[in-house]
Structures are given as C-alpha cells and as structure tokens.
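# Report on the structure
Take a look at the letters that make up each chain.
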Amino acid sequence: MTFSRTVTFLALLGAAGAFVVPSPSSRLLTCSRSESATEARMFFADDATEEKAPSPAPSSTVAAEANTGIKVVPSSGDASSIRQAATFMVEYFWLSSPQNLLAAGDDPSSLSDAAKAKFIDEQDNDLTETYGEIMGKRTLDSCLLTAEDDGGLLGLVGIESRLYNKNTDQIVTAEKSQALLKNAVASLGPKQRRQYKDSSASEVVSELLPPELELVCTLSNLSVSPRSRRRGVAMRLCQEAEKLAKEEWNFDSMCLLVEKENEAAKSLYETKLGYELIASNSVATGLRVDIANGSFVEQQHETLTLRKEL
C-alpha cells in the first residue's frame with residue numbers, strides 16, 4: 001500500500017471514535033512494543049455522537065446558525081492553553097464519552113478530585129510533549145486546533161507528522177519516528193550532516209530513510225464537549241485540519257484509525273467524511289480509564305485504518 005504524503009487520523013477510543021492510545025507507562029504516554037504493533041497513544045478522541053443522524057439532518061440554514069460564532073484557531077501551546085486542553089479532554093472524553101471509556105464496572109462519580117487531577121496531569125504531559133512550546137524547532141511538525149465560541153472551548157484536534165511503514169501498514173510511534181530521523185542524519189559524516197542541518201523532515205525521509213518509510217500526517221486528540229453536539233464542531237475541526245494538512249503541510253491524503261466496534265465513529269468517517277477501509281490490526285491496543293486504581297489501562301481492540309484523498 002502506498003501513501004503519497006498522507007495525513008493519518010488516529011481516532012480509536014472515543015464514543016465517536018478515538019485512537020488506539022499509548023500506555024501511561026511512559027510519561028509521554030506512548031506505547032511502542034514494536035514497529036508492527038499499532039501505536040497505543042492516549043487522547044485520541046472524537047465524540048461522534050454529535051454527527052450521528054438517527055433523525056433527519058438539519059437544514060443548511062439551521063446548520064449555519066448552529067455554527068455562528070464558532071471559530072477554529074491554533075492553540076498557542078503555552079502552559080495555560082495546554083492545561084485547559086488537558087482538563088477538557090479528561091472531563092469530556094475520558095470520563096463522559098458516550099462510548100464509555102471506563103474500565104468495566106467503574107463509576108465516574110467515585111473519582112476523587114486528587115485522582116482526577118492525576119489523570120489531567122498525565123494528559124497535560126502528553127499534550128505538552130506533542131504541542132507545547134519548545135526552544136528551537138521540532139523534528140516533526142505538530143499543531144493543536146481548538147474550536148471556541150463566546151462560551152469557551154467547544155472541541156479540539158491535534159495534527160502531527162509521523163513515519164509510516166508501507167510494508168506493515170503501521171504508523172511508527174512519535175518517539176521512534178524522531179529517533180529514525182535523527183539517527184539517519186547522525187550516521188552521516190560531518191560535511192553531510194551540515195548539509196542536512198536545516199533540512200525538512202520530508203527531505204530527510206525521502207533522501208536518507210528506507211523506501212518503505214514515508215512521512216505522513218496524523219490527526220489525533222479529536223474531542224468535543226456535550227454543548228457542541230449537533231453543531232457540527234467535530235466535522236468543522238476535521239475540515240480545518242484537512243485544509244491545514246493540504247494547504248500548509250502539502251499532504252494530499254488523510255488516514256485515520258478507528259476501533260472496529262465503534263459503529264458511530266465508522267459511520268461518521270465513512271458516510272459523512274468519505275474515508276475508505278485500507279487495513280486492519282487485530283492486535284492493536286487502546287486505553288481505558290481505571291477509576292478504581294486511578295490509572296489508564298491498555299485493552300486490546302481491533303482497529304481499522306481508513307483513508308481519504310484530500
């Protein structure tokens with residue numbers, strides 16, 4: 001399977017879709033048992049309930065009115081905005097997703113303030129590592145888009161570039177993607193290293209890495225609040241992410257991962273957004289919230305890879 005600069009939408013866990021997520025065993029919350037195993041990364045959510053259509057879709061006029069006053073902008077990435085995003089995701093995705101991301105038998109009302117703060121801290125660490133402010137330039141591009149109105153934050157979605165292994169149809173973890181890029185340059189002689197000092201990731205990938213590896217763009221962390229449902233916020237975030245990927249990052253297709261049993265999410269992506277099935281992974285893992293033990297736990301969930309041309 002060949003991708004020509006592909007955006008990958010990692011969405012496996014949520015009520016409407018979320019991505020297979022990484023284990024909290026690493027502070028960056030990424031789990032990479034092997035390159036061929038689907039990355040389990042925390043915080044890939046899409047409350048697709050807002051896009052389900054059990055009743056007739058609203059007219060274009062109603063939809064336009066529902067979107068009035070909503071703006072989608074890049075997050076600044078400072079500590080305050082990252083903390084707000086982390087709190088938002090724990091509150092509206094992990095603890096109250098219609099898909100139920102709680103370990104069997106758990107009751108969210110039993111979660112203490114201290115335990116909730118711990119989950120927020122872990123989410124904060126992950127988002128900071130991926131989207132937070134840093135000195136210098138990131139090896140791999142990333143951006144966090146937020147949807148807001150006068151009442152505050154309505155939803156968010158992240159965009160990240162990663163490596164994709166065409167032989168295994170798997171997305172390489174963020175850590176391994178960065179390591180492969182850095183090691184490829186580090187293995188060169190002094191003169192050649194200087195030549196690649198300011199090269200883009202796409203240049204390094206195309207010129208120094210094996211042909212089975214290509215640069216893709218991953219769209220992750222899609223999450224919306226209950227008050228944004230039926231307002232097309234998830235759809236708007238996806239469309240803005242696609243626009244950024246195509247017009248600013250020069251990708252020409254987008255992929256996503258979705259849990260096989262997540263029918264609502266699959267309906268959203270395939271029916272409304274036009275994605276098509278290209279691969280599946282029966283041994284992928286995703287995170288669930290274990291309230292009793294105050295931690296995230298991995299569970300096996302078969303995931304599907306969907307693709308859409310931009």
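What this report covers is the structure whose coordinates are included nearby. (Residues numbered from 1 in each chain as written. Predicted model: local features only at pLDDT ≥ 70, side-chain atom pairs only at ≥ 80, totals over all residues. Heavy atoms only, no water.)

Here we take up the overall build of the protein. When its secondary structure is counted, the protein shows 8 helices and 13 strands. Residues classed as buried in the protein amount to 54% of the 310 residues present. The contacts of the protein with a sequence gap of at least 6 include a subset with a gap of at least 24, amounting to 75%. On the protein, roughly 13,300 Å² of surface is accessible, and the fraction owed to carbon and sulfur atoms is 48%. (Helix = DSSP H or I, 4+ residues; strand = E, 2+ residues; numbered from the N terminus. Buried < 20%, exposed > 50% of the residue type's maximum accessible area, 1.4 Å probe, protein only. Contact = heavy atoms within 4.5 Å. Areas by Shrake-Rupley, 256 points an atom, 1.4 Å probe, with all protein chains shown as cover.)

A few words now on the side chain of Asn 165. Inspection of the secondary structure assignment puts Asn 165 in strand β6 (residues 152–165). The buried category is assigned to Asn 165, whose relative accessible area is 7%. Side-chain polar atoms of Asn 165 contact the backbone nitrogen of Asn 167, separated by 2.9 Å. (Polar contact = N/O pair within 3.5 Å; in protein donor to acceptor, adjacent residues only side chain to side chain.)

So, on to the packing of aromatic side chains. How two aromatic rings sit relative to each other is given by the distance of their centres and the angle of their planes. In the structure shown here, the tally under the stated rule is 5 aromatic pairs. When the ring of Phe 88 is compared with that of Tyr 92, the centres are 5.0 Å apart and the planes differ by 65°; the resulting orientation is edge-to-face. Of this pair, Phe 88 and Tyr 92 both sit in helix α2 (residues 79–94), 4 residues apart, roughly one helical turn. Classification of Tyr 92 by relative accessible area gives partly exposed; the value is 30%. Linked through ring pairs, Phe 93, Trp 94, Phe 119 and Phe 296 together constitute an aromatic cluster. (Phe/Tyr/Trp six-rings, centres within 6.5 Å; stacked < 30°, edge-to-face > 60°.)

Core analysis: the biggest nonpolar cluster contains 45 residues, and Leu 145, Leu 237 and Tyr 269 have the highest contact counts within it. The biggest single contributor to this core is helix α7 (residues 233–247), with 7 residues. When sequence neighbours within four positions are dropped, the list of residues in contact with Leu 237 reads Val 72, Leu 145, Thr 146, Ala 147, Gly 155, Leu 156, Val 157, Leu 222, Ser 223 and Val 224. (Core = buried A, V, L, I, M, F, W, Y, C linked by side-chain atoms within 4.5 Å.)

Let's shift gears to the packing of α2 against helix α3 (residues 113–131). Taken N-terminus to C-terminus, the directions of α2 and α3 make an angle of 125°; their axes are 8 Å apart at the nearest point. On the basis of the axis angle, α2 is oblique to α3. Handedness of the crossing formed by α2 with α3: right-handed. Side by side, α2 and α3 meet where Ile 82, Arg 83, Ala 85, Ala 86, Thr 87, Met 89, Val 90, Glu 91 and Trp 94 of the first sit next to Lys 116, Ala 117, Phe 119, Ile 120, Asp 121, Gln 123, Asp 124, Leu 127, Thr 128 and Tyr 131 of the second. In the contact of α2 with α3, the residues fall into 11 nonpolar, 3 polar and 5 charged. (Axes fitted to C-alpha atoms, helices over the stretch in contact; angles between N-to-C directions. Parallel < 35°, antiparallel > 145°, perpendicular 65-115°, else oblique. Left-handed = near helix turned anticlockwise from the far one by under 90°. Nonpolar A, V, L, I, M, F, W, Y, C, P; charged D, E, K, R; others polar.)

The next point concerns the packing of helix α4 (residues 174–186) against helix α6 (residues 201–208). With their axes 10 Å apart at the nearest point, α4 and α6 run at an angle of 65° to one another. Compared by their axis directions, α4 and α6 come out roughly perpendicular. When you trace α4 past α6, the crossing you get is left-handed. Contacts between α4 and α6 pair Leu 181, Ala 184 and Val 185 from the former with Ala 201, Val 204, Val 205 and Leu 208 from the latter. Its residues placed into classes, the contact of α4 with α6 shows 7 nonpolar, no polar and no charged.

Moving on to the environment of Lys 182. Along the chain, Lys 182 turns up in helix α4. Owing to a relative accessible area of 47%, Lys 182 belongs among the partly exposed residues under this scheme. In this structure, the C-alpha to C-alpha distance between Lys 182 and Ala 201, residues 19 residues apart in sequence, is 9.7 Å.

The next thing to look at is the pattern of salt bridges. What the rule picks out here adds up to 12 salt bridges. Here Arg 236 makes a salt bridge to Glu 240, at a shortest N to O gap of 3.4 Å. Taken as a pair, Arg 236 and Glu 240 lie in helix α7 at a separation of 4 residues, close to a single helical turn. For Arg 236, a relative accessible area of 21% corresponds to the partly exposed category. Note that Glu 242 is salt-bridged to Lys 308, the shortest N-O span being 3.1 Å. Within this pair, whereas Glu 242 is found in helix α7, its partner Lys 308 is found in strand β13 (residues 303–309), the two being separated by 66 residues in sequence. With respect to class, Glu 242 is no different from Lys 308; both count as buried. (Salt bridge = Lys/Arg side-chain N within 4 Å of Asp/Glu carboxyl O.)

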